[in-house]
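Understanding the architecture of this molecule
Below are the chains, spelled out letter by letter.
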Amino acid sequence: MASVGQSQALPVPARRTALPAVLGYVRRALGVLSLAGLVYCAYVIASGAAYRPTLVVPARSGGFPLWLRGPLSDLGYFLRLHDFAVYVLVMLGFFAVALLCATALRAGWVIGTIVVLHVLFFLGPPLISGDVFGYIDWARAGVLHGLNPYSTNSGAVVSDAVHRFVQWDNFTSPYGPLFTLGSYALVPLGVGGALWALKLSVLAASLGICALIWATARRLGLAPLPALALYGLNPAVLVYALGGAHNDVLMMLPLMAGIYLVVAGRDRVGPAVAALAVGVKASAGLAMPFVILGARRRLDALGAAIATGVLLVAVAFVAFGTQAADFINVLGTQQRLDSGTSVIAQLGSWFGWTGNPTGARVVASVLFGLLLVYLIARAWRRPRDWLECAGWSTVALMVSTSWLLAWYIVWLVPLAALSRTRWLQAAAVGMTVFVVAVRAVPILD
Amino acid sequence: MRRRGWQLAVVATAVVLMGIGPGGCHKLDHRTAPQKLDQAMSKAFKRAFAAYYRMTTERPRSRIVSYAKTTCHPREPVPHSDRGWRWFCAIRWIRRDPTTAGTATYGVEVDPRGCFQASSASFPPRAYELVLHRPAPNPLDHIRSCP
């Protein structure tokens, strides 16, 4: 009888465990497929962009030498801008599936996929933007021709070898003195060498951000794998920020290192390291109040950040004179520009305006200012929320600016990855979808 | 064993996907065509003229040339090797401030990827680069670009 009783009791727990097991299996299978899909799309984009010159690589207007195409150029297929847009949107779909299935995946698979994706975009040509040649142009203007990047418009030296690849021609350097001085060191490598050195720096910085997200998430008691996936598998980060070798990634590395140190209780070193990010690009300044408020000893943190700031200003003035101070005003300058892909410009299709009209900009700026004050006050009162407040202030900036470029997503995603609430992560995914779709969908129409 | 099965499945999927190539994309077996080269050469000429204007005046003005009509003809059949495919292009152009019109001719070599190098005798080989206070190669004399 006992054996009969056991045989009757067994099917009940088996039924209870079968469905979760199957669901777990399906999630893992979908997750693995989405990782494979991301790698496949990245391979098609990177090798296709290198195969033939198309609008996907703006710098091709100066020629398409091997050092620009990279080592994947004989492996690819003809990738028109339309095909590029389709593949980026497909990547977005795979990214969404990978995020939903991240907890069912092995960490090794996710980390391995992130490394492969990073290497693929590193090996491809500079995608969608020629900004990286602007960096090289200012560096060469300073080192080879004795011109000050903070008082000389880009593209000033027409006879320089980099000029034919440069896309900008009418503004001075908006970047910080640390970045400008660092780019000076690349000039002896020549144009091609400087390009690949910058690409390598951006690759290393992005993988460094991945490591910092992992380490910080563990310190905060968060699951590190979903946090890592939000950044490392993000198509906007990979295609635009990494693919375009943008210095925004370089800016985020010291900022994330500073955040890690603050979380680890290093109240002086953390803010000091984070302040170095402002020396790369002033946009990092938005996160600084929150980094200081996140420290346990705020006065110490404030002192360390101010000391680093004073040091940066001194370096800037010694190296470049008083004109270097203009880089601090980059956010104000950009608010007067019109990228055509901003949230304000897109709202125009609903409310009936074109571009970024002054009234809409003013309203957006005022709302951003008010929200920033609220978030700083909130982080002051509730120190536990400082990372979330930093993330939401970045969301507010991205929504309100009239100069929104796809690679600015890298300002937000690492902060959102470390959020305790799902809402900020959802906002980061939403902004990712926006910056990708606002560029890709018009190409498909 | 179970873990190895997953690894094999993923690697096999990736290899198969990369082997079949990208959907919607194809290999291109031609370098260029007259209309394509006409357009690419017009754009490259406008860009080179803007560079020349910048070089001699220090003023950036990307739309200094308001009109550039290019007509290109191949001077030989497509070479079977990777050497440049020789074309001849004539450009009628109009610039702004002051409005001036002119004609330029270029000998063009198109490489297997459709990129080209164009040389002309219609412009002086060197021009004065104001920002460096010295003569430098004239960007209109030798143009390198891609469609």
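This text goes with the structure placed above it.
Residues numbered from 1 in each chain as written. Chains lettered and ligands numbered in written order. Predicted model: local features only at pLDDT ≥ 70, side-chain atom pairs only at ≥ 80, totals over all residues. Heavy atoms only, no water.

Right, let's get into the overall build of chain A. Along the backbone of chain A there are 20 helices and zero strands. Seen through its C-alpha atoms, chain A measures out along the principal axes to roughly 95 × 55 × 50 Å. Computing the positive centroid from 29 side-chain charges and the negative centroid from 14, chain A places the two 14 Å apart. (Helix = DSSP H or I, 4+ residues; strand = E, 2+ residues; numbered from the N terminus. Lys, Arg positive; Asp, Glu negative; His and termini not counted. Charge placed at Lys NZ, Arg CZ, Asp CG, Glu CD.)

Turning next to the state of the cysteines. According to the stated counting rule, one finds two disulfides over all chains in the structure shown. In chain B, numbering the disulfide-bonded cysteines from first to last in sequence yields the connectivity 1-2, 3-4. (Disulfide = S-S within 2.5 Å.)

Right, let's get into the nonpolar core. Core analysis: the largest hydrophobic core is formed by 140 residues, its most contacted members being F133, L233, Y240 and I259 of chain A. For this core, the element with the highest residue contribution is helix α8 (residues 190–220) of chain A, accounting for 15 residues. Not counting chain neighbours up to four residues away, the residues in contact with Y240 of chain A comprise F84, V88, I128, P235, H246, A406, W407, V436 and R439 of chain A. Core analysis: the next-biggest nonpolar cluster, separate from the first, contains 27 residues, F49, V65, I91 and F116 of chain B among them. (Core = buried A, V, L, I, M, F, W, Y, C linked by side-chain atoms within 4.5 Å. Buried < 20%, exposed > 50% of the residue type's maximum accessible area, 1.4 Å probe, protein only. Contact = heavy atoms within 4.5 Å.)

Our focus in this paragraph is unusual backbone geometry. Across the junction of D97 of chain B and P98 of chain B, the peptide omega takes the value 0°, indicating a cis bond. Checked against the element boundaries, P98 of chain B lands in the loop between β2 (85–95) and β3 (100–110). A positive phi angle, near 65°, is found at I128 of chain A, a position not held by glycine. Here I128 of chain A shows up in the loop between α5 (107–123) and α6 (131–143). Even without being a glycine, H133 of chain B presents a positive backbone phi close to 55°. Relative to the helices and strands, H133 of chain B is located in the loop between β5 (126–129) and β6 (134–137).

Below, the discussion takes up a nonpolar patch on the surface. Residue and element names in this part refer to chain A. The grouping of V362, V363, V366, L367 and L370 at the surface amounts to a nonpolar patch, some 470 Å² of accessible area in total. Inspection of the secondary structure puts V362 in helix α17 (residues 358–381). For V362, a relative accessible area of 47% gives the class partly exposed. (Patch = residues over 30% accessible without salt bridge, like charges linked within 9 Å, V, L, I, M, F, W, Y side chains within 5 Å. Areas by Shrake-Rupley, 256 points an atom, 1.4 Å probe, with all protein chains shown as cover. Salt bridge = Lys/Arg side-chain N within 4 Å of Asp/Glu carboxyl O.)

Residues and elements named next belong to chain B. Judged by pairing direction, the sheet is antiparallel, and its five strands sit side by side in the order β1-β2-β3-β4-β7 without closing on themselves. Edge positions in the sheet fall to β1 (65–74) and β7 (142–145), since each has one partner strand and no second. The mean inter-strand angle of the sheet, taken between neighbouring strand axes irrespective of direction, is 25°. Pairing of β1 with β2, which is carried by nine bridges, proceeds in the antiparallel orientation. (Pairing = 2+ DSSP bridges. Axes fitted to C-alpha atoms, helices over the stretch in contact; angles between N-to-C directions.)

Our focus in this paragraph is the pairing of strand β4 (residues 116–119) of chain B. Residues and elements named next belong to chain B. Residues F116 and A118 of β4 are buried on one face, while the alternating residues Q117 and S119, pointing to the opposite face, are not. The pairing of β3 with β4 spans four bridges and is antiparallel. The residue bridging V110 from the neighbouring strand is F116, located in β4. Between β3 and β4, which pair antiparallel and follow one another directly, the connecting turn spans five residues, one of which, G114, has a positive phi of 95°. Here β4 runs beside β7; their pairing, made up of four bridges, is antiparallel. If you follow A118 over to β7, its bridge partner there is I143.

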